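For reference, the chains in residue letters:
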Amino acid sequence: MAERIEWQLLDTVDSTNAQLLKQLSMKEPRALACVAEQQLAGKGRRGREWVSPYGQNIYLSLALPFSGGAQKLEGLSLLVGLVLVETLESCGFRNCALKWPNDVLLGGRKLAGILIELAGDLTSDCVAVIGVGINVLMNDAAAAIDQAWTSLLLSRQDGTLNRNLLIAEFIRRLFEAVAVFREAGFAPFVEEWQRHDAWYGQPVVVRTGAVITEGVERGVDQRGALRLDVAEGQVLLNGGEVSLRLS
Ligand code: ATP
């Protein structure tokens, strides 16, 4: 899909998602992108923080208009994770996997996070602001992260990576995938997603607010909901409030 993107390249920003959300025009929706060297208030899901020190990481947001309302976007965040894993593989990082709904792991440790925020009319024309944080080379500021994490250059012997090429390849692949997604939703990507599923078949614990469910992870359905085998049968879980851990 030939789509024009309006770019902003920033040094420091509160958050690349917040920057694009401030600038959206619902009257003339268009593709916007923002990259920064540092985020002072990087966002994760549910108000959590994305630790975003200055240096060589990637903080990227892309605003894409969609029609058909929020329900047509089910599975989009899984799709973005899948495209990111495939992009990283194409750059030679073979050990990447997905943790539902959209964390990217490298060697079992968290490498990248994705946050999608919606704006506009969620029943018709809306804009998805897709935020992606990728650890390329982390410094000590990251000591505050409360789970196992890694960064790309820790696993590359020559210690180099062209961030611009990685971003360009990611966006090229994302536009291709989104063109399919606009027509057919997440269904065509289920098999590919499951091929990269880090915890398929493993016992997991799922926290939904205060409720804890234990089960065996069985991949995703056509809308991107997580399939979990529990004592009573199979349940489906949706992304919003849910957190997944190995048991
Ligand atoms: P969960 O891991 O429970 O699914 P989540 O998907 O809601 O959480 P995200 O929103 O993707 O998490 O990311 C926020 C979390 O990721 C933080 O709470 C922290 O544990 C971890 N984190 C924050 N910054 C980084 C970073 N730069 N690299 C790796 N992990 C990070």
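Residues numbered from 1 in each chain as written. Predicted model: local features only at pLDDT ≥ 70, side-chain atom pairs only at ≥ 80, totals over all residues. Heavy atoms only, no water.

**Student:** Mind showing me how you'd approach the pattern of salt bridges here?
**Tutor:** In a structure, side chains of opposite charge can pair up when their charged atoms sit close to one another. Following the criterion strictly, the structure yields 13 salt bridges and no others. As a salt-bridge pair, Lys-99 and Asp-103 come within 3.4 Å of each other at their nearest N and O atoms. The buried category is assigned to Lys-99, whose relative accessible area is 8%. Of the charged contacts in the structure, one is a salt bridge between Arg-195 and Glu-192, with a shortest N-O distance of 2.9 Å. Taken together, the residues span about one helical turn, with Arg-195 and Glu-192 both in helix H4 (residues 190-195) at a distance of three residues. Among the residues examined, Arg-195 registers a relative accessible area of 58% and is labelled exposed. (Salt bridge = Lys/Arg side-chain N within 4 Å of Asp/Glu carboxyl O. Buried < 20%, exposed > 50% of the residue type's maximum accessible area, 1.4 Å probe, protein only. Helix = DSSP H or I, 4+ residues; strand = E, 2+ residues; numbered from the N terminus.)

**Student:** Before we go on, may I ask you to explain the packing of aromatic side chains in this structure?
**Tutor:** Two measures describe an aromatic ring pair: the distance that separates the ring centres and the angle between the ring planes. Applying the stated criterion across every chain, the model contains one aromatic pair. A cation over a ring is seen here: Arg-182 above Phe-66, with NZ or CZ 4.4 Å from the ring centre. (Phe/Tyr/Trp six-rings, centres within 6.5 Å; stacked < 30°, edge-to-face > 60°. Lys NZ or Arg CZ within 6 Å of the ring centre and 35° of its normal.)

**Student:** Which parts of the structure should I look at to understand the site of the ligand?
**Tutor:** Neighbouring the ligand are 18 residues, the closest being Arg-45, Arg-48, Asn-135, Asp-146 and Ser-243. In the complex, 97% of the free accessible area of the ligand, which totals 630 Å², lies under the protein chains. Within the shell around the ligand, the residues separate by chemical class into five nonpolar, four polar and nine charged. (Near = heavy atom within 4 Å. Areas by Shrake-Rupley, 256 points an atom, 1.4 Å probe, with all protein chains shown as cover. Nonpolar A, V, L, I, M, F, W, Y, C, P; charged D, E, K, R; others polar.)

**Student:** In this structure, what is going on with empty space enclosed by the protein? I would like to understand it.
**Tutor:** In this approach, a probe sized like a water molecule rolls over the atoms, and the result shows the empty space that is left. Going through the model one piece at a time under the given rule, you end up with one cavity of 30 Å³ or more. Lining the largest cavity, in full, are Leu-24, Ser-25, Met-26, Glu-28, Pro-29, Arg-30, Leu-32 and Val-127. (1 Å grid on protein atoms, 1.4 Å probe; cavity = no way out; pocket = protein on both sides within 12 Å on 5 of 7 lines; lining within 4 Å. Points joined across faces, edges and corners; volume = space filled by probe spheres on them.)

**Student:** Explain the domain arrangement of the chain to me, please; I cannot follow it from the model alone.
**Tutor:** Much of the literature gives interface size as the accessible area that the parts lose upon coming together. Structurally, the chain comprises domain 1 (5-195) and domain 2 (203-246). Its C-alpha centre places domain 1 at a distance of 23 Å from the equivalent point of domain 2. At the interface, 14 residues of domain 1 touch 18 residues of domain 2. Per-residue buried area on domain 1 facing domain 2 is highest for Arg-46, Glu-74 and Trp-100; these three make up 46% of the total on that side. A salt bridge links Glu-74 to Arg-223; its shortest N-O distance comes to 3.3 Å. Connecting domain 1 to domain 2 are six residue pairs in polar contact (both at pLDDT 80 or more). With three residues, the top contributor of residues to the side of domain 1 that touches domain 2 is H4. Taken together, the residues of the side of domain 1 that touches domain 2 sort by class into six nonpolar, three polar and five charged. (Domains from an automatic or database assignment. Contact = heavy atoms within 4.5 Å. Buried area = accessible area lost by both parts, 1.4 Å probe. Polar contact = N/O pair within 3.5 Å; in protein donor to acceptor, adjacent residues only side chain to side chain.)

**Student:** Mind showing me how you'd approach the sheet that holds strand E4 (residues 96-99) here?
**Tutor:** Strand pairs in the sheet, formed through backbone hydrogen bonds, run parallel or antiparallel to each other. One open sheet accounts for seven strands, arranged E1-E2-E3-E7-E6-E5-E4; its pairing is mixed. Every interior strand has two partners, whereas the edge strands, strand E1 (5-13) and E4, have only one. Along the sheet, successive strands turn relative to each other by an average axial angle of 20°, direction set aside. Summarising the sheet, strand E2 (residues 31-39) and strand E3 (residues 58-66) pair through five bridges and their orientation is antiparallel. Each bridged residue has a counterpart across the sheet, and for Leu-32 the counterpart in E3 is Ala-63. Against the sheet, helix H2 (residues 76-90) engages E3, E4, strand E5 (103-106), strand E6 (109-120) and strand E7 (126-134), with an angle of about 140° to E6. (Pairing = 2+ DSSP bridges. Axes fitted to C-alpha atoms, helices over the stretch in contact; angles between N-to-C directions.)

**Student:** Please explain the state of the cysteines as it appears in this structure.
**Tutor:** All chains considered together, the criterion is met by zero disulfides. Here Cys-91 is not cross-linked by a disulfide; its sulfur's nearest cysteine counterpart is in Cys-96, at 9.5 Å. (Disulfide = S-S within 2.5 Å.)

**Student:** What should I look at first to understand unusual backbone geometry in this one?
**Tutor:** What is expected of a backbone is that most residues other than glycine have negative phi and most peptide bonds are trans. With omega at 0°, the peptide bond leading from Trp-100 into Pro-101 counts as cis. By the secondary structure assignment, Pro-101 is in the loop between E4 and E5. Even without being a glycine, Arg-46 presents a positive backbone phi close to 50°. Structurally, Arg-46 is set in the loop between E2 and E3.

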